[in-house]
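Examining the three-dimensional arrangement
Listed below are the residues making up each chain.
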Amino acid sequence: MYTKHPADTVIVLDFETTGLSPNMGDRAIEIGAVKIQNGIVIDQFQQLMNPGFRVSSFIEGYTGITNKMLDSAPSCHAVMDEFADFIQGYNLIAHNASFDQRFLDAELGMLGRQYNGSFVCSMLLARRLYQDVPNHKLGTLVSELDIANNGTFHRALADAEMTARLWLRLIDEVKTQTNLQTVSFDVMRKLSKTSKASIPALFKKLAA
DNA sequence: TGCCAGGCCCTCTTTAGGGCCTT
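Residues numbered from 1 in each chain as written. Chains lettered and ligands numbered in written order. Predicted model: local features only at pLDDT ≥ 70, side-chain atom pairs only at ≥ 80, totals over all residues. Heavy atoms only, no water.

Moving on, we come to the side chain of T163. With respect to the helices and strands, T163 occurs in helix α7 (residues 156–178). Residue class for T163 comes out buried when judged on its relative accessible area of 1%. (Helix = DSSP H or I, 4+ residues; strand = E, 2+ residues; numbered from the N terminus. Buried < 20%, exposed > 50% of the residue type's maximum accessible area, 1.4 Å probe, protein only.)

Here you go:
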């Protein structure tokens, strides 16, 4: 049964995959996600999954996820079915969300399952709110903004946790620039789609 | 066998090209 969740409760997710494109046959090999409410992590999800074929040595090196680790992992089908339950009814956040959304759509599509949340991209927001950083890679933003991390990168849960902290920092930045007490997911979504030139006007409108 | 993504965003733009970001 569909449950309406508090609007300020969101799920930050990250996929590790066999490559860049589900349209080219690439599959998910790990999903990590954290559920945050009122700025606090209240739940998490992390699971390796077996794509049914061997991953490249590049992916083994990039993620640290080896074929041996995936041999004993449950199937994408089993993991993504459980993950579909986890995210149901929540809005979603990811760094370069178009990438994670493509894989989520592809994996759930193979199961005949859907989700009803909206995606917002932390990278698009960071490009708008932090224009002076060297680039907008997750690792660079974590370093430049002194975001807490345990030194693990390119693993799903670790990246989801860092993206969650980045999301909270982005909300704080909007609060600072608008003097708003609270900033909703919908405001962040709108901001992520507003051109840089129009952001001062949007902030002025929000602060009014 | 060898090939291969795609959306955003800037600019020397819009009849286009290329860098960024994700694995």
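Here the narrative resumes, following the displayed structure.
A word on the pattern of salt bridges. Following the criterion strictly, the structure yields 6 salt bridges and no others. Residues R27 and E107 are paired through a salt bridge, measuring 2.8 Å at the closest nitrogen-oxygen approach. Here R27 is found in the loop between β1 (10–17) and β2 (28–37), whereas its partner E107 is found in helix α4 (residues 97–111), with 80 residues between them in sequence. Look at R27 and you get buried, because its relative accessible area is 18%. Among the ionic pairs, K35 bridges to D43, the shortest N-O distance being 4.0 Å. One network of salt bridges, in which partners are shared, links D81, D85 and R113. (Salt bridge = Lys/Arg side-chain N within 4 Å of Asp/Glu carboxyl O.)

For the rest of this paragraph, the subject is the protein's contact with DNA strand B. Lining the immediate environment of DNA strand B, one finds 28 residues, of which E16, M24, Y62, R128 and H136 sit closest. At the protein interface, 62% of the atoms of DNA strand B within 4 Å belong to sugar or phosphate. R127 places a side-chain nitrogen or oxygen 3.4 Å from a base oxygen of DNA strand B. R128 is positioned with one of its side-chain polar atoms (N or O) 2.3 Å from a phosphate oxygen of DNA strand B. Of all elements in the fold, only β1, α1 (57–63), α4 and α5 (122–129) reach the threshold of two or more residues within the surface near DNA strand B. Taken together, the residues of the surface near DNA strand B break down into 10 nonpolar, 10 polar and 8 charged. (Near = heavy atom within 4 Å. Polar contact = N/O pair within 3.5 Å; in protein donor to acceptor, adjacent residues only side chain to side chain. Nonpolar A, V, L, I, M, F, W, Y, C, P; charged D, E, K, R; others polar.)

Quick look at the UniProt feature "domain: Exonuclease" (unreviewed entry) in chain A now. Those residues carrying the UniProt feature "domain: Exonuclease" (unreviewed entry) are residues 9–176 in this numbering. Along residues 9–176 one finds 45% helix and 20% strand; the C-alpha atoms at either end are 21 Å apart. (UniProt positions renumbered as here; feature names shortened; annotations may be inferred.)

Tracing the chain through its elements places R169 in helix α7. Counting along the chain gives 24 residues from R169 to L145, while the straight-line C-alpha distance between them is 8.6 Å. When neighbours within four sequence positions are excluded, R169 is seen to be in contact with Y130, L145, D146 and I147. (Contact = heavy atoms within 4.5 Å.)

This next bit is on α5. Of all 8 residues in α5, 6 are buried; the element is thus mostly enclosed. Within α5, burial applies to S122, M123, L125, A126, R128 and L129. For α5, the secondary structure elements touched by its buried residues are β4 (91–94), β5 (119–121), α6 (138–144), α7, α8 (185–192) and α9 (199–207).

This paragraph deals with the sheet that holds β1. The 5 strands lie next to each other as β3-β2-β1-β4-β5, forming an open sheet whose pairing is mixed. On the outer flanks of this sheet lie β3 (40–48) and β5, each paired with one strand and no other. Across the sheet, the mean angle from the axis of one strand to that of its neighbour is 25°, orientation sign disregarded. By the bridge criterion, 8 bridges tie β2 to β3 in an arrangement that is antiparallel. Its bridge partner being in β3, I36 is matched across the sheet by V41. Relative to β5, α5 is tilted by about 40°, and along the sheet it contacts β4 and β5. Taken strand by strand, α8 contacts β1, β4 and β5, and its axis lies near 55° from that of β5. (Pairing = 2+ DSSP bridges. Axes fitted to C-alpha atoms, helices over the stretch in contact; angles between N-to-C directions.)

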